[in-house]
Amino acid sequence: MSHATVVSSPGKVLAAGGYLVLDPAYSGVVISTSSRFYAVVQDLRRVDEIQVRSPQFTDAVWNYQVLLNGVNVRVEPKNGKNGAIAPKNKFVQLALLHTLSYCFEVKGLVPFVDSLAEGLDVVIAGDNDFYSQRAKLASMNLPRTISSLSKIPPFGSQGVALSDVHKTGLGSSAALITSLVTSLLLHFSVISPADLTDTPSDARTLVHNLAQFVHCLAQGKVGSGFDVSAAVFGSQIYTRFDPARLQPLMERDAFSTRPLKAFLSSADQALDHRVEPFKLPPLTRMMLADVDAGSDTPSLVGKVLKWRKAQSAQADALWTALNQSNQALAKALLNLSDLYAGHQTAYEDVVNQLASLAHDQWVASAQGSTEGRQVAQKFFEAHQISEDIRAKMREMGDLSEVPIEPSEQTALLDACVSQPGVIGGGVPGAGGYDAIWLLVFEPGVEGTSPLQRVEKVWSTYTALDVSPLSSEESVAKGARVERLEEIPGLRDFI
Ligand SMILES: Nc1ncnc2c1ncn2[C@@H]1O[C@H](COP(=O)(O)OP(=O)(O)OP(=O)(O)O)[C@@H](O)[C@H]1O
Ligand SMILES: C[C@@](O)(CCOP(=O)(O)O)CC(=O)O
């Protein structure tokens, strides 16, 4: 088998900053997930042809012919044998077209043609968490727990076409585009694996800008882009780029190529997003649940923005207050990492105590050193800020008449947050009925863990249909070059 270039990119959870992050004046707290999208590039042994396959789905094979006229690259869908019309995949085709066009621009004709001499076989695979696993758990007769999810074979077949799959909202298209763009830039030797060892780096900025551009083109709009940024850089405090910077590139037909090098490599013109470091505190864990009710994110966003425009004074006051709380949450969580670094034993001892207590007992019950009490105080502060953010998101929902944290989700979240060892949580991103996230202690002691308590709440909850995801926070900083044999199940899958 030919050498395979494998790149993975994480999914995302916008823990705080939904709606605000659309405006460059505010920021969002983004947690990247352990669940990843993989792009595997190998030789196809058909000159100038590209085949893209997503074996998790039925009828998910897209064939393309690369055409060169010395000035431009074209990537044309190729009809099947017997003249069968080529199926369309706008996201994949635009990622191929613009990444190849960029490679052609920077490498020149001869190296470009060489890199395509064997064609490209591209396989795309998403971790199971990107898709609802309820039906699979039921068919395997397994209870809805995180440990059951680990029994489902990796990259399981979804048994349906891509357009019919039930997604969980982790940002599949952003993670897919990022892995695909990065793997192609590596295949054409525009960047090297060593360029991706650090975060941030010039290579990651290039990947980000190119992936962001392709994703905006494919979606037909310039969104906030926090999902692409998470896929490239990992967990972060994200402040969006000025959409006007991308506008000149968006004006032409999506399928016509345009010079990208000057835009993507010039510090003046490139996107002005800000990525500040963020990570969850040690000995804690993010938990996610998919709530089977579903919301239409674009329609929620449209209504909230319309209300913001109509009631700008009231909205600005809320946006400012909410942004302060969002930033305070990030700061409290980052402070906890500092406290761990300075006083590891005291921190561990306190987490072991607090993990079996409900939040209202933390401050009074924390025993031991001053540093230990400081840790307990900081975790309680994080809890309070998280509850405050929920309250303000509910206020945004009430004022704009949009179910951002609808009462059904409020009852579910309240039931979770009152459990011993649960720090906080909320509705991720735009909110609605789709999902919840929680932050819980993950102590190093035996006994019932906060995670198990939450799983119990979810599995016995009747007012909503709740199913866990297995994702945790990814501590790897964003997109990553992988070794095929180190990803369980991936070699068999391709
Ligand atoms: N596994 C895949 N293989 C090929 N193309 C894919 C795959 N997943 C997504 N795509 C492409 O991306 C497009 C948009 O995908 P999707 O609607 O799942 O993105 P999303 O809105 O980012 O999803 P999410 O709910 O995970 O945030 C699809 O129509 C398809 O063109
Ligand atoms: C509402 C919004 O701020 C977040 C949407 O996030 P999600 O796709 O619901 O995770 C929109 C955006 O930032 O693209």
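Rules used in this analysis
- Per chain, residues are indexed from 1 in the order of the written sequence.
- Here the convention is simple: chains get letters from A, ligands get numbers from 1, in the order in which they are written.
- Only residues with pLDDT of at least 70 get local features here, since the model is predicted, and only at 80 or more are side-chain atom pairs given and counted; chain-wide, interface and lining totals rely on the full set of residues.
- With hydrogens and water set aside, each side-chain value is computed from the structure's full complement of heavy atoms.
- By convention in this text, a residue qualifies as near a molecule or strand provided that one of its non-hydrogen atoms is within 4 Å of it.
- We define a polar contact as two N or O atoms separated by no more than 3.5 Å, with the added condition that, inside protein, one atom must be a possible hydrogen donor and the other a possible acceptor, whereas residues neighbouring each other in sequence contribute only through side-chain atom pairs.
- Helix and strand definitions follow DSSP, with helices as H or I runs of at least four residues and strands as E runs of at least two, each counted in order from the N terminus.
- Relative accessibility under 20% of the residue-type maximum defines a buried residue, over 50% an exposed one, and the middle range a partly exposed one, all with a 1.4 Å probe and only protein chains included.
- One requirement defines pairing of two strands: DSSP has to find at least two bridges between them.
- Only a pair of cysteine sulfur atoms within 2.5 Å counts as a disulfide in this structure description.
- By definition, a salt bridge exists where a carboxyl oxygen of Asp or Glu is found within 4 Å of a side-chain nitrogen of Lys or Arg.
- Both cavities and pockets are sets of points on a 1 Å grid over the protein atoms alone; in a cavity a 1.4 Å probe fits but cannot get out, in a pocket the set is open with protein on both sides within 12 Å along at least five of seven lines, and lining residues sit with an atom within 4 Å of a point.
- Grid points are joined across faces, edges and corners, and a volume is the space filled by probe spheres set on the points.
- Amino acids outside the nonpolar list (Ala, Val, Leu, Ile, Met, Phe, Trp, Tyr, Cys, Pro) and the charged list (Asp, Glu, Lys, Arg) are all regarded as polar, and Gly is one of them.

### Some words on the site of ligand 1
The immediate surroundings of ligand 1 are formed by 17 residues, with Ser54, Asn89, Lys167, Ser172 and Ser173 found nearest. For ligand 1, a nitrogen atom lies 2.5 Å from a polar atom in the side chain of serine 54. Here an oxygen atom of ligand 1 and a side-chain polar atom of serine 173 are 2.7 Å apart. Of all the secondary structure elements, the ones that give two or more residues to the shell around ligand 1 are helix 1 (90-107) and helix 5 (172-187).

### Quick notes on the pairing of strand 9 (residues 284-291)
Burial analysis of strand 9 places eight of its eight residues in the buried class, the great majority of the element. On strand 9, burial covers both faces: Thr284, Met286, Leu288 and Asp290 on one face and Arg285, Met287, Ala289 and Val291 on the other are all buried. Sheet topology places strand 9 next to strand 11 (residues 435-441); seven bridges connect them, and they run antiparallel. The residue bridging aspartate 290 from the neighbouring strand is alanine 435, located in strand 11.

### Side note on the state of the cysteines
For the structure on display, the rule yields zero disulfides. With no disulfide partner, cysteine 216 has as its closest neighbouring cysteine sulfur the one in cysteine 103, 19 Å distant.

### Section: the pattern of salt bridges
Tallied over the full model, the rule gives 23 salt bridges. The salt bridge involving aspartate 121 is made with arginine 53; its shortest N-O contact spans 3.0 Å. Residue aspartate 121 is found in strand 6 (residues 120-126), and its partner arginine 53 is found in strand 3 (residues 49-53); the two are separated by 68 residues along the sequence. Given a relative accessible area of 7%, aspartate 121 falls into the buried group.

### What about the layout of surface pockets?
Taken as a whole, the second largest pocket holds about 500 Å³ of empty space. Surrounding the second largest pocket, 22 residues form its lining, Ser35, Asp127, Asn128, Ser150 and Ser470 being those nearest its centre. The set of elements that each furnish at least two residues to the lining of the second largest pocket consists of strand 2 (28-42) and helix 4 (146-149). No other element matches the four residues that strand 2 contributes to the lining of the second largest pocket. Among the residues forming the lining of the second largest pocket, the class breakdown is eight nonpolar, seven polar and seven charged.

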